[in-house]
Amino acid sequence: MTAIQGFLDFLDESPVNFLAVSTVARHLEEAGFERVDASAPLYNIQPGDVFYCTKNDSSIYAFRMGREPLGEAGFRLICAHCDSPTFRIKPNAEMKGDGGVVKLNTEVYGGPILSTWFDRPLSLAGRVILRTDDPLHPLTRLLHIRQPLLQIPNLAIHFNRQVNDGVKLSKQKDMLPVVGIITSELEEENLLLHVIGDELGVDIDDIMDFDLYLYDVTPACLFGVHQEFISSGRLDDLSMVHAGMTALIDAQPDIPEVTQVLAIFDNEETGSLTKQGAGSPFLSSLLQRICLNQGGTLEDYYCAVEKAFMISADNAHAWHPNYSEKYDPTNHPVMGGGPVIKFNAAQKYASDAVSAAVFAGVCEKAGVPCQRFVNHSDVAGGSTLGNILASSLPLRGVDMGNPIWAMHSARETGHVKDHEYCIRAFTAFYELA
Ligand code: ZN
């Protein structure tokens, strides 16, 4: 299997945050990483150990321990996020209409381009919470319904002749997906719960709650005369998740000098301020626990933070051939031109001249090109992980990402070469002595 096919499979296996985390965990375990439970004291950690832990089933933190203790050598961190804009199924979601047609009530998650979700086969993924004898510890099962289950039908052009002049969309009225037509009395009640129960093989009375989201079931694919483009949902930010994971698994030697860390956060699209988001102290306390485990002190932990370097990896905007006026005149990264360092004078990005120079040096070492992005000065632009993480973990670091088109569309476009470049740059970053 080619490396890029591995990435396409990874995208298809990761329709939402929870599934992305379980996919990363599976790859890590196949590479020998051991699962650690953050609610138990850490075992006696040794150089060369590889392990990971999760928080809320929707963020994941992986480590390859270096020869040098954290306090002596710091650590190398790559972080990215596993959530993407989508629609969350509300409680009591079924809404019945004429002819028995049932649509589901949803709530928007993050900032999707709403119109891109029309008229494409969708399905459900996320987690379902099942009853046990212990109310404090219900059971979590992941759900990934792989066949097309829903669609959000557009309004025919005959009802809105101005549709191509731009349409204002209501999240509550226009964006509700149709899930089926009731054919039996049994389906009158709890149609959705029956779907979930059948899929998981459980009694619907045992389903206590769920975190379920819509996703585009059309598989990721390549296109272009040279098959140079990647078309998929969730490239933001699963491409960086995959690149970081691949680099951590492939990095040599088995016992590096400096500890390698990969952190995949949830909830970047809604501001990161959750226990599993980049604004959480979870990663900093894990690093403190590792320092203490190595026989170090809190002082050693602070030294480790000062010596560390972070790559905050989140996608960037590639120059779009139809909208060149939206881009900065001298800093607009192109497709296939390599990873992008992001700058912002108001410091929405962590990059500064020093950290950018470090990352550019890493790319040079890896033999890959790198580009620079700054917003057109009349365009506000977005934000990302680096600076939010800085409130709990004030690391030296760079904000970067790969150039993509149509960020937050149900289907974004990236470039095969950029993905390969990024894996090489990340691997070189981890391997630097
Ligand atoms: Zn992102």
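Parameters and conventions
- Residues numbered from 1 in each chain as written.
- Predicted model: local features only at pLDDT ≥ 70, side-chain atom pairs only at ≥ 80, totals over all residues.
- Heavy atoms only, no water.
- Pairing = 2+ DSSP bridges.
- Helix = DSSP H or I, 4+ residues; strand = E, 2+ residues; numbered from the N terminus.
- Axes fitted to C-alpha atoms, helices over the stretch in contact; angles between N-to-C directions.
- Expected span 1.5 Å × (residues − 1).
- Buried < 20%, exposed > 50% of the residue type's maximum accessible area, 1.4 Å probe, protein only.
- Donors = N, O, S within 2.8 Å, 3.2 Å for Na, K, Ca; no water.
- Tetrahedral: all angles 85-135°; square planar, octahedral: opposite > 155°, others 65-115°.
- Contact = heavy atoms within 4.5 Å.
- Salt bridge = Lys/Arg side-chain N within 4 Å of Asp/Glu carboxyl O.
- Domains from an automatic or database assignment.
- Buried area = accessible area lost by both parts, 1.4 Å probe.
- Polar contact = N/O pair within 3.5 Å; in protein donor to acceptor, adjacent residues only side chain to side chain.
- Nonpolar A, V, L, I, M, F, W, Y, C, P; charged D, E, K, R; others polar.
- Core = buried A, V, L, I, M, F, W, Y, C linked by side-chain atoms within 4.5 Å.
- Phe/Tyr/Trp six-rings, centres within 6.5 Å; stacked < 30°, edge-to-face > 60°.

Undergrad: Please give an account of the sheet that holds strand β12 (residues 229-232) that cites residues and values.
TA: Read from one edge to the other, the open sheet built from three strands follows the order β11-β12-β20, with strand pairing classed as antiparallel. Taken across any chain shown, the strands that pair with only one partner, and hence form the sheet edges, are β11 (221-223) and β20 (412-415). On average, each strand axis in the sheet is tilted by 35° relative to the strand beside it, whichever way the strands run. Here β11 pairs with β12 via three bridges, running antiparallel. Following the sheet pairing, Leu 222 is matched in β12 by Ile 230.

Undergrad: Requested: an account of helix α7 (residues 282-293), with residues and values cited.
TA: The terminal C-alpha atoms of α7 lie 16 Å apart, and with twelve residues this matches the ideal 16 Å at 1.5 Å per residue to within 8%. Listed as buried for α7 are Phe 282, Leu 283, Ser 284, Leu 286, Leu 287, Ile 290 and Cys 291. After α7 finishes, the residue Gly 295 shows a positive phi value of roughly 85°.

Undergrad: Describe the coordination of the zinc ion, listing the residues and the values that go with them.
TA: Those donors, His 81 (NE2), Asp 236 (OD), Asp 314 (OD) and Asp 314 (OD), are the protein atoms that reach the zinc ion, and they lie 2.0 to 2.8 Å from it. Coordination at the zinc ion comes from four donor atoms whose angles at the metal span 51 to 144°, giving a geometry best classed as irregular. Sequence spacing of the donor residues for the zinc ion, all on one chain, is H-x154-D-x77-D. Placement of the pair is His 81 in strand β4 (residues 75-81) and Asp 314 in the loop between β14 (309-313) and β15 (316-317), with a sequence separation of 233 residues.

Undergrad: I'd love a proper account of the sheet that holds β14, names of residues and values included.
TA: Reading across the sheet, the nine strands line up as β1-β2-β3-β13-β4-β14-β18-β16-β17 and stay open at both edges, with mixed pairing between neighbours. Lying at the two open borders of the sheet, with one neighbouring strand each, are β1 (34-35) and β17 (371-374). Two strands pair when backbone bridges link them, and strand β2 (residues 50-55) and strand β3 (residues 59-64) are joined in this way by six bridges, in the antiparallel orientation. By the bridge assignment for β3, Val 50 is matched with Arg 64. The sheet contacts of helix α6 (residues 235-250) involve β3, β4, β13 (259-265), β14 and β18 (396-401), and relative to β4 the element is tilted by about 150°. Here helix α11 (residues 416-431) sits on the sheet and contacts β4, β13, β14 and β18; the angle it forms with β4, its principal contact strand, is near 150°.

Undergrad: Tell me about the pattern of salt bridges, residues and numbers included.
TA: Side chains that differ in charge, positive against negative, can pair when their charged atoms come close. On inspection of all chains with the given rule, the structure shows nine salt bridges. Close ionic contact of Asp 57 with Arg 127 constitutes a salt bridge, the shortest N to O distance being 3.1 Å. Residue Asp 57 is located in the loop between β2 and β3, and its partner Arg 127 is located in strand β7 (residues 122-130); the two are separated by 70 residues in the primary sequence. The structure contains a network of salt bridges with shared partners spanning Asp 57, Arg 88, Arg 127 and Asp 211.

Undergrad: Any details on the pairing of β3? Residues and values, ideally.
TA: Most of β3 sits out of view: six of its six residues are buried. Burial along β3 is two-sided: Ser 59, Tyr 61 and Phe 63 facing one way and Ile 60, Ala 62 and Arg 64 facing the other are all buried. Hairpin geometry of β2 and β3 is characterised by an intervening segment of three residues between the two adjacent antiparallel strands and by a positive phi of about 60° at Asn 56. Sheet topology places β3 next to β13; five bridges connect them, and they run antiparallel. Bridge pairing links Arg 64 to Gln 260 in β13.

Undergrad: Got a sec to walk through the domain arrangement of the chain? Specific residues and values, please.
TA: Assigned domains of the chain: these are domain 1 (3-84 + 233-431) and domain 2 (86-216). Each of domain 1 and domain 2 has a C-alpha centre, and these two points are 31 Å apart. In this assembly, 23 residues from domain 1 lie in contact with 21 residues from domain 2. Together, Phe 18, His 408 and Ala 410 form the three largest contributors to the area buried by domain 1 at its contact with domain 2, with a combined 29%. In this structure, the connection of domain 1 to domain 2 is made through three salt bridges. At the boundary of domain 1 and domain 2, one finds ten residue pairs in polar contact (both at pLDDT 80 or more). If one sorts the elements of the side of domain 1 that touches domain 2 by residue count, helix α2 (residues 17-30) sits on top with four residues. Broken down by class, the residue content of the side of domain 1 that touches domain 2 amounts to seven nonpolar, eight polar and eight charged.

Undergrad: Kindly report on the nonpolar core, identifying the contributing residues and their values.
TA: Formed by 55 residues in total, the largest nonpolar core has its most connected members in Ile 311, Phe 359, Met 400 and Phe 426. Looking at this core, the element that brings in the most residues is α11, giving nine residues. Discounting residues that sit within four places of it in the chain, Phe 359 has contacts with Ile 311, Pro 339, Ile 341, Val 398, Met 400, Ala 425 and Phe 426.

Undergrad: Please set out the environment of Ala 73 residue by residue, giving values where relevant.
TA: Turning to its location among the elements, Ala 73 is positioned in helix α3 (residues 70-73). Considering only alpha carbons, one finds Ala 73 and Thr 384, 311 residues apart in sequence, at a separation of 27 Å. When neighbours within four sequence positions are excluded, Ala 73 is seen to be in contact with Glu 68, Val 258 and Lys 307.

Undergrad: Any chance you could break down the packing of aromatic side chains for me, citing the residues and the numbers?
TA: Tallied over the full model, the rule gives eleven aromatic pairs. Arranged with centres 5.1 Å apart and planes meeting at 20°, the rings of Phe 51 and Phe 63 form a pair that is stacked. With Phe 51 in strand β2 and Phe 63 in strand β3, the pair connects residues that are twelve residues apart, well separated along the chain. For the pair Phe 51 and Phe 63, a shared accessibility class is recorded, and that class is buried. With a centroid separation of 5.2 Å and an interplanar angle of 75°, the aromatic rings of Phe 87 and Trp 117 are classed as edge-to-face. Of the two residues, Phe 87 sits in strand β5 (residues 86-96) while Trp 117 sits in the loop between β6 (101-109) and β7, which places them 30 residues apart along the sequence. Accessibility classification places Phe 87 together with Trp 117 in one group, the buried group. An aromatic cluster is defined as three or more aromatic residues linked by ring pairs; in this entry it consists of Tyr 43, Phe 51 and Phe 63.

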